[in-house]
Amino acid sequence: DIKILTQLNAYNINLALSLNNLGVVIDHYTKYKTNFPVKYQFGFLYNVHNTSIDFGYDIIYHSNIKFYEKIYCVHLPIGKLISLRLSLNNFRKNLLIGDYRKDWFYGLNGGFSIYTKQTNIDFGISNLGPAGFVYAMSLSFKAN
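Residues numbered from 1 in each chain as written. Predicted model: local features only at pLDDT ≥ 70, side-chain atom pairs only at ≥ 80, totals over all residues. Heavy atoms only, no water.

### Points about a nonpolar patch on the surface
Next up, step 1: Where nonpolar side chains cluster on the molecular surface, the patch consists of Ile4, Leu17, Phe42, Phe44, Tyr46 and Phe55 and spans about 550 Å² of accessible area.
Next up, step 2: The biggest single contributor to the nonpolar patch is strand β3 (residues 39-47), with three residues.
Next up, step 3: Within the secondary structure layout, tyrosine 46 lies in strand β3. (Patch = residues over 30% accessible without salt bridge, like charges linked within 9 Å, V, L, I, M, F, W, Y side chains within 5 Å. Areas by Shrake-Rupley, 256 points an atom, 1.4 Å probe, with all protein chains shown as cover. Salt bridge = Lys/Arg side-chain N within 4 Å of Asp/Glu carboxyl O. Helix = DSSP H or I, 4+ residues; strand = E, 2+ residues; numbered from the N terminus.)

Structure (structure tokens):
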């Protein structure tokens, strides 16, 4: 992945441009040639003045399926140790089955982070509708 970041401090805005999944398969494990699905991404993050609340928007072009994914998100800190994230993307419309009681949360994603002096712990969940849920956890350590 290659990413370029910049800040527009006067407007409390961060911008990012990236190319993701760049690479070459050296040894194919099947007789078919495999390519990485390259993604082009533009991100926009707005920090609400005098708060720690962030609103974000990402647009990702998936070259393998020729589709633009649009992601809307909000990041809400709760004190100094915990923060919540909620997001929604336009894949949601492909998950709907026509049952308003079940369709309500399809495409909704969420997560929370726990921060300590030496460690960050992140948990995330994504609702893929009839396909179920995706759960994720990451753990990162800070160097002194």
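### Some points on the sheet that holds strand β7 (residues 108-115)
Next up, step 1: Taken together, the nine strands give an open sheet; going across it, the order is β1-β2-β3-β4-β5-β6-β7-β8-β9, and neighbouring strands pair in antiparallel fashion. A single partner strand is all that each edge strand has here, and the edge strands are β1 (2-8) and β9 (133-141). Shown here is a sheet whose adjacent strand axes are inclined to one another by a mean of 15 degrees, direction ignored.
Next up, step 2: Where strand β4 (residues 54-62) and strand β5 (residues 67-78) come together, nine bridges link them in antiparallel fashion. (Pairing = 2+ DSSP bridges. Axes fitted to C-alpha atoms, helices over the stretch in contact; angles between N-to-C directions.)

### Here's the deal with the side chain of asparagine 20
Next up, step 1: Mapped onto the elements, asparagine 20 comes out in strand β2 (residues 13-20).
Next up, step 2: In terms of polar contacts, asparagine 20 uses its side chain to reach the side chain of serine 18, at 3.3 Å.
Next up, step 3: With near-sequence residues (within four places) excluded, asparagine 20 lies in contact with Asp1, Pro37, Val38, Lys39 and Gln41. (Polar contact = N/O pair within 3.5 Å; in protein donor to acceptor, adjacent residues only side chain to side chain. Contact = heavy atoms within 4.5 Å.)

### Re the pairing of β4
Next up, step 1: A one-sided burial pattern is seen for β4, the buried positions being Asp54, Gly56, Asp58, Ile60 and His62 and the unburied ones Phe55, Tyr57, Ile59 and Tyr61.
Next up, step 2: Pairing analysis gives nine bridges linking β3 to β4, with the strands arranged antiparallel. Residue glutamine 41 lies in a different strand from β4, and its bridge partner there is isoleucine 60.
Next up, step 3: Hairpin connection between β3 and β4: a loop of six residues separates the two successive antiparallel strands, and asparagine 50 in this loop has a positive phi of roughly 65 degrees.
Next up, step 4: As consecutive antiparallel partners, β4 and β5 are separated by four residues, and within that stretch lysine 66 has a phi angle of approximately 50 degrees, a positive value. (Buried < 20%, exposed > 50% of the residue type's maximum accessible area, 1.4 Å probe, protein only.)

### Things to note about the packing of aromatic side chains
Next up, step 1: Enumeration over the complete set of coordinates arrives at five aromatic pairs.
Next up, step 2: Relative to tyrosine 68, the ring of tyrosine 61 has its centre 4.7 Å away and its plane inclined at 45 degrees; by these criteria the two rings are tilted.
Next up, step 3: An aromatic cluster is present here, built from Tyr40, Tyr61 and Tyr68 joined pairwise through their rings. (Phe/Tyr/Trp six-rings, centres within 6.5 Å; stacked < 30°, edge-to-face > 60°.)

Fair warning: the whole summary comes from geometry, so function is off the table for now.
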